[in-house]
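Examination of the molecular architecture
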Amino acid sequence: MGGFGLSLESEIIIKLCISAVLGLVIGLERELKRKPVGLKTSLVISIVSCLLTIVSIESAYLFPEHGDVNITMDPLRLAAQIVSGIGFLGAGVILRRGNDSISGLTTAAMIWGAAGIGIAVGAGFYVEAIAGVVLLIISVEFIPYLIKLIGPQKLREKELLIRIILTDKKSIDTVITKIQEERISIKNIRIKDKQDLTHLLELKITVNFKRRTTDVYYTVSDIDGVQSTEVESL
């Protein structure tokens, strides 16, 4: 299996080093964003996936015959199990937050991607693996920003959750109307009476992605009848 005049051991070490570097790139991207899966996890996934792939391929040709029986083995049988087995790590980083929104899907996908990169390197597809990492980083870092700049209006918006405390029940309609007049689109409304005789108005809104959260907070806080305001990014 050695290539370019290298011994098997040298080629294995080179593959593991390449997978470590590519795993490092994926891990740094997650680490810089303070995501649950960071540098160490991506390195482990990429390196071990590469190692298992190498073991799977080499063992398939190590003892192809046993006595008079010719045993045919799938060179990528372990790699196939990596793809399915990595799912439990991905499931562990997908979280449901208190506001019913889901987070961690991108991180789970990057875990799967790190395993795929390790498998590709282990199988000897160096150029393809490097190209895959480059495209992953471009897709995660630059494409979303580009879409926000030139994409459809829906993709250039961000969602916020606003919790407003009102003292007067009759001012709810007025407050909602004034919020809509401030170029704030309301997607969902929830109203709840509290025990202290105040009223909770919970709004899921969308605004232009360039609009600062603090600007939305100040705008809503200054509306007459609003006792307190809480703004949360989704």
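Right above here is the structure, for reference.
Residues numbered from 1 in each chain as written. Predicted model: local features only at pLDDT ≥ 70, side-chain atom pairs only at ≥ 80, totals over all residues. Heavy atoms only, no water.

Points about the overall build of the chain
We apply this condition: Secondary structure elements follow DSSP: runs of H or I no shorter than four residues count as helices, runs of E no shorter than two count as strands, and numbering proceeds from the N terminus. For the exposure calls, accessible area comes from a 1.4 Å probe over protein chains only, and a residue counts as buried if that area is under 20% of its type's maximum, exposed if over 50%, partly exposed in between. Whether two residues are in contact is decided by their heavy atoms: any pair within 4.5 Å suffices. Shrake-Rupley sampling with a 1.4 Å probe provides the accessible areas, and residues are treated as covered by the protein chains on show and by no other component.
The secondary structure content of the chain amounts to 8 helices and 8 strands. Within the chain, buried positions represent 35% of all 234 residues. Look at the contacts in the chain between residues 6 or more apart in sequence, and 63% of them connect residues 24 or more apart. Accessible area for the chain stands at about 14200 Å²; split by element, carbon and sulfur atoms hold 61% of it.

Things to note about the sheet that holds strand β7 (residues 199–208)
Quick reminder of the rule: Any two strands between which DSSP finds at least two bridges are classified as paired. Structural elements are reduced to axes, namely lines fitted to C-alpha atoms, with helices fitted over the stretch in contact, and the angle between N-to-C directions of any two is expressed from 0 to 180 degrees.
Spatial ordering of the open sheet is given by β6-β7-β5-β8, a layout of 4 strands whose pairing is antiparallel. Of all strands in the sheet, those with a lone pairing partner are β6 (185–193) and β8 (226–233), marking the two edges. Taking the axes of each pair of neighbouring strands and ignoring which way they run, one obtains an average angle of 20° across the sheet. As paired elements, strand β5 (residues 157–166) and β7 share 10 bridges and run antiparallel to each other. Directly across from L166, in β7, lies its bridge partner H199. Contacts from helix α7 (residues 172–180) reach β5, β6, β7 and β8, with the element oriented near 160° to β6. Lying over the sheet, helix α8 (residues 213–221) contacts β5, β7 and β8, oriented at roughly 160° with respect to β8.

A word on the nonpolar core
What counts is decided by this rule: Think of a nonpolar core as a cluster: buried Ala, Val, Leu, Ile, Met, Phe, Trp, Tyr and Cys residues, connected wherever their side-chain atoms sit within 4.5 Å.
In terms of nonpolar packing, the biggest core is built from 24 residues, with I117 and V121 touching the most fellow members. Listed by contribution, the elements that provide at least two residues to this core are α1 (8–32), α2 (39–62), α3 (77–85), α5 (105–122) and α6 (126–150). If sequence neighbours within four positions are ignored, V121 has contacts with K15, I18, S19, L22, C50, Y126 and A129. One finds I164, I176, I205 and V226 within the second-largest nonpolar core, a separate group that totals 18 residues.

A look at a nonpolar patch on the surface
Applied cut-off: In this scheme, patches are assembled from residues that exceed 30% relative accessible area and form no salt bridge. Like charges are connected within 9 Å, while nonpolar side chains (Val, Leu, Ile, Met, Phe, Trp, Tyr) are connected within 5 Å. Basic side-chain nitrogens of Lys or Arg form a salt bridge, by our definition, when they fall within 4 Å of a carboxyl oxygen of Asp or Glu.
A cluster of nonpolar side chains, namely I130, V134, L135, I138, F142, I143, Y145, L146, I147, L149, I150 and L155, defines an oily patch on the protein surface of about 1100 Å² accessible area. Along the chain, F142 turns up in helix α6. Of the residues examined, F142 reaches a relative accessible area of 55% and is grouped as exposed.

By themselves, these figures tell us nothing about what the structure is for.
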